[in-house]
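Notes for the structure review
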Amino acid sequence: MQARPSPLARAGLWMQRHAAAIRGVQWVVVCAYAFLIIVPVLLPLPGDAARILNNLTVFAQFVFWGIWWPFVLLSMVMMGRVWCGVLCPEGTLTEFASRHGLGKAIPRWMRWGGWPFVAFSLTTLYGQMVSVYQYPQAVMVVLGGSTVAAIAIGLVYGREKRVWCRYLCPVNGVFGLLARLAPFRYKVDEAAWRRSYTQGEHGHRVIPINCAPLVPLRNMQGNAECHMCGRCAGHRDAIALDWRSPSDEIVRVGDQRANAWDTVLIVYGLMGIAIGGFHWSASPWFVAIKQAIATWLIDRDIMWPLADNAPWFVFTHYPEHNDVFTWLDGGLVISYMLATAAVYGTALLLALSAGTRVLGQWRTVRLHHLAQTLIPTAGCGVFLGLSATTLSILRPEGLWLGWAPVLRLGLLTVANLWSLWLAWQASGRYAPGTRRLGGTLAVALALAIADSAWWLMFWHW
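Let us look at the structure shown here. (Residues numbered from 1 in each chain as written. Predicted model: local features only at pLDDT ≥ 70, side-chain atom pairs only at ≥ 80, totals over all residues. Heavy atoms only, no water.)

Regarding the environment of Phe-458
Our working rule: Secondary structure elements are taken from DSSP: a helix is a run of H or I of four residues or more, a strand is a run of E of two residues or more, and numbering for both begins at the N terminus. The contact criterion used throughout is that any non-hydrogen atoms of two residues lie within 4.5 Å.
Checked against the element boundaries, Phe-458 lands in helix H19 (residues 433–460). Once the C-alpha coordinates of Phe-458 and Gly-385 are considered, the two residues, 73 residues apart in sequence, prove to be 9.8 Å apart. The contact partners of Phe-458, leaving out residues within four places of it in the chain, are Leu-384, Ala-388 and Arg-408.

This is the structure we're talking about:
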């Protein structure tokens, strides 16, 4: 007699049975997404009196950058990649296109492990170049361009698959990292899977599952690639939604799943380029460097870098709002972000390298494992940076925001403690006693380096 499924497992089975309803929700999200991207482009830019409730462009800005993206990141930590499997419009559209497309095999170049870092970095850089948080035209190019690319990939590659989501989506790598912290997953019972080959599923023929994100179900051990769509729930009586420790995936299988590209995305992407993107507009160093270079150029009668004739899709160009980038401005934004990534990323890598060496003879996989312990703080940093946009949009609404500094400090403290706990557990897999403590302290040093960026942005400048 089979045991009654747990409430969480029943929730997974409910998703499997109501797949049609979930698809209906997905198309509602697609329509809302398209409306909020397209319609604001057709409207005049909002004036000083525009507010969330009286101007569609400001409302769309608040939905995308004030609510949508910050809390999508938070949802990855709390629920895994449910957003990807149930709500993401790009996932819906690329799978739909793949159902009716050419169905070609996935080429080798697309499987390259560096795409998550490259796509995230280029999108973040370009978003700052065109002020994507402020202007609907930039949103159309960045988000709309990504959606068009997702559809194009779906039309060419795979059959009813989310090839774009698995390999090329700019936030796929970030979502995969954060989802490793989620407190539940679809767990595979390998013994039950083996039994199903002789017994079938409830005595019936086993129906194959279309896993759109191309996860090898039998060997699935975590949340990094799983989109939590529920399609595989109950498959072969071997897959069920189940609770787990939030530290399980990083500590238990982190050394098996760790790789160089994940480390690069964490230290040079989330804790480097992203920080530079949030920093530059508030940085007195940026202003001082710009003034010094501009003076040097003027003294030598080199004027073209000071021209503001770049089109809006290259650098921000909205003269009616007195918001125009010169070539110097745009070049400095890119340089500042890359320099921030180089400084912070390299400092973090050195701290992690010290921890790796303290734990014993050098092993590169240990370095990558320790890097994963930074994920809570890396994710929290991006959330804090995006939520700064949330607050900037809410401020003109006259709301009291005095709670924000305390909440920021609280979130950062919790994230740091979480990372330290992961570091202590991960270090314990390699060495006991003093060496374990040394590995943890090396991660603490890395956290202090990362925290300095937020101290500068929120409490110093």
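A word on the layout of surface pockets
Convention followed: Here a cavity denotes a set of grid points, spaced 1 Å apart and computed over the protein atoms alone, in which a 1.4 Å probe fits but from which it cannot get out, and a pocket denotes an open set meeting protein on both sides within 12 Å along at least five of seven lines; residues with an atom within 4 Å of a point are reported as lining. Grid points are joined across faces, edges and corners, and a volume is the space filled by probe spheres set on the points. Under the grouping applied here, Gly and all other residues not named as nonpolar or charged are polar, the nonpolar ones being Ala, Val, Leu, Ile, Met, Phe, Trp, Tyr, Cys and Pro and the charged ones Asp, Glu, Lys and Arg.
The space that makes up the second largest pocket amounts to roughly 910 Å³. Taken together, 35 residues line the second largest pocket, and the ones lying closest to its centre are Gln-61, Tyr-133, Gln-134, Ser-392 and Ile-393. Looking at the lining of the second largest pocket, the elements that each hand over two or more residues are helix H3 (56–79), helix H6 (115–129), helix H13 (260–279), helix H17 (375–394) and H19. By residue number, the principal contributor to the lining of the second largest pocket is H17, which donates 6 residues. Considering only residue class, the lining of the second largest pocket consists of 16 nonpolar, 13 polar and 6 charged.

Looking at empty space enclosed by the protein
Using the criterion set out here, one finds 4 cavities of 30 Å³ or more in the structure. Its volume calculated, the largest cavity comes out at about 640 Å³. What lines the largest cavity is a set of 34 residues, and nearest its centre among them are Trp-65, Trp-69, Thr-123, Leu-143 and Val-171. Looking at the lining of the largest cavity, the elements that each hand over two or more residues are H3, helix H4 (82–87), helix H5 (89–99), H6, helix H7 (136–156), helix H9 (172–179), H13 and H17. When residues of the lining of the largest cavity are assigned to their parent elements, the largest contribution, 5 residues, is made by H6.

Thoughts on the pairing of strand E1 (residues 184–188)
Spelled out, the test is: Each residue's exposure class comes from its accessible area (1.4 Å probe, protein chains only) as a fraction of the maximum for that residue type: buried when under 20%, exposed when over 50%, partly exposed otherwise. When DSSP finds two or more bridges between two strands, those strands count as paired.
Taken across its 5 residues, E1 has 4 buried, putting it largely inside the fold. In this structure, E1 lies alongside strand E2 (residues 239–243), joined through 5 bridges in antiparallel fashion. Bridge pairing in E2 places Lys-187 opposite Ala-240.

A short note on unusual backbone geometry
We note that Ser-131 has phi near 55°; this positive angle belongs to a residue other than glycine. Inspection of the secondary structure puts Ser-131 in the loop between H6 and H7. Residue Ser-131 is classed as buried on the basis of its relative accessible area, which comes to 8%. Phi is positive for Glu-160, close to 60°, though the residue is something other than glycine. Accessibility expressed as a relative area gives 32% for Glu-160, which makes it partly exposed.

Things to note about the pattern of salt bridges
Heads up, the rule is: We define a salt bridge as a side-chain nitrogen of Lys or Arg found within 4 Å of a carboxyl oxygen belonging to Asp or Glu.
Across all of its chains, the model carries 9 salt bridges by this definition. Across the salt bridge formed by Glu-225 and Arg-257, the nearest N and O atoms sit 2.9 Å from each other. One end of the pair, Glu-225, is in the loop between helix H10 (190–199) and E2; the other, Arg-257, is in helix H12 (residues 254–257), with 32 residues separating them in the sequence. Residue Glu-225 is classed as partly exposed on the basis of its relative accessible area of 26%.

A closer look at a nonpolar patch on the surface
How we decide: Here, patches come from residues exposed beyond 30% relative accessible area and free of salt bridges, joined within 9 Å for like charges and within 5 Å for nonpolar side chains (Val, Leu, Ile, Met, Phe, Trp, Tyr). Accessible surface area values rest on a Shrake-Rupley calculation with a 1.4 Å probe, where residue burial reflects the displayed protein chains alone.
On the surface, Ile-67, Phe-71, Leu-74, Met-78 and Met-79 cluster together into a nonpolar patch covering about 440 Å² of accessible area. Looking at where Phe-71 falls in the secondary structure, it is placed in helix H3. Given a relative accessible area of 44%, Phe-71 falls into the partly exposed group.

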